[in-house]
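Understanding the architecture of this molecule
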Amino acid sequence: MSVHNFESYINGSSINGVQFYQEDVNLGNGDSILLHMVTNLKGEDWKRVRTIITPAFTSKRMRTMGSIINECSKSVTDVLEKTAKEDKPIECKGLFGTFTMDVIARAAFGTQIDSHNDSENIFVKHAKENFISPSIIKLLFLVSSN
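What you see is a predicted model, and the numbers here were worked out from it, not measured in a lab. (Residues numbered from 1 in each chain as written. Predicted model: local features only at pLDDT ≥ 70, side-chain atom pairs only at ≥ 80, totals over all residues. Heavy atoms only, no water.)

Bringing the overall build of the protein into the picture now. A count of helical and extended segments in the protein gives six helices and two strands. Along the chain direction, N to C, the helices and strands of the protein fall in the order β-β-α-α-α-α-α-α. (Helix = DSSP H or I, 4+ residues; strand = E, 2+ residues; numbered from the N terminus.)

A word on the packing of aromatic side chains. With the rule as written, the count across this model stands at one aromatic pair. When the ring of Phe109 is compared with that of Phe123, the centres are 5.4 Å apart and the planes differ by 65°; the resulting orientation is edge-to-face. With Phe109 in helix H4 (residues 92-109) and Phe123 in helix H5 (residues 122-131), this pair connects stretches of sequence that are 14 residues apart. (Phe/Tyr/Trp six-rings, centres within 6.5 Å; stacked < 30°, edge-to-face > 60°.)

Let's shift gears to a nonpolar patch on the surface. Together, Ile52, Ile53, Phe57 and Met62 make up a nonpolar patch on the protein surface, roughly 390 Å² of accessible area in all. Residue classification places Met62 among the partly exposed residues on the basis of a relative accessible area of 40%. (Patch = residues over 30% accessible without salt bridge, like charges linked within 9 Å, V, L, I, M, F, W, Y side chains within 5 Å. Areas by Shrake-Rupley, 256 points an atom, 1.4 Å probe, with all protein chains shown as cover. Salt bridge = Lys/Arg side-chain N within 4 Å of Asp/Glu carboxyl O. Buried < 20%, exposed > 50% of the residue type's maximum accessible area, 1.4 Å probe, protein only.)

Going through the model one piece at a time under the given rule, you end up with three salt bridges. Between Glu86 and Lys88 there is a salt bridge, with its nearest N and O atoms 3.3 Å apart. For Glu86, a relative accessible area of 40% translates into the label partly exposed. Residue Glu120 pairs with Lys125 through a salt bridge whose shortest N-O separation is 3.2 Å. Overall, the relative accessible area of 36% leaves Lys125 in the partly exposed class.

In this section: the packing of helix H3 (residues 59-85) against H4. Two elements in contact, H3 and H4, have axes separated by 9 Å at closest approach and are oriented at 145°. Considering the relative orientation of H3 and H4, their crossing is right-handed. Note on element contacts: H4 touches H3 through Leu95, Phe96, Phe99, Asp102, Val103, Arg106 and Ala107, opposite Met65, Ile68, Ile69, Glu71, Cys72, Ser73, Ser75, Val76, Val79 and Leu80. Of the residues belonging to the contact of H3 with H4, the class tally is 12 nonpolar, two polar and three charged. (Axes fitted to C-alpha atoms, helices over the stretch in contact; angles between N-to-C directions. Left-handed = near helix turned anticlockwise from the far one by under 90°. Contact = heavy atoms within 4.5 Å. Nonpolar A, V, L, I, M, F, W, Y, C, P; charged D, E, K, R; others polar.)

Here it is as structure tokens:
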């Protein structure tokens, strides 16, 4: 299948083989960001957004993201080693949440943060305010339940 056959691509109307339509998805308060995600778009809107985001996922950029992920994983290893030496329990959800935050900040925004050790970082604060919302939780629940 080539990039020129857009009509052959799945346009977000199925997850794990289960068909659904945007009107079936209740996002609560009508969050405009969620409603305009590529997974919720159809037809020409989906094609337009897909055309815009496709260049971000070239093989060269994916290799670069692999390097970023490897570098960020070193900080996870450091935190794990430090926590193990102190004989403290590891809070995995928080640890991998900060890892994800570091990767996104670096890959998407070109900024290096150390959210493992700097929870007061302005980037971390704004990300938590904007992405840990009831709408996001509902969307994640919807996707994981299928």
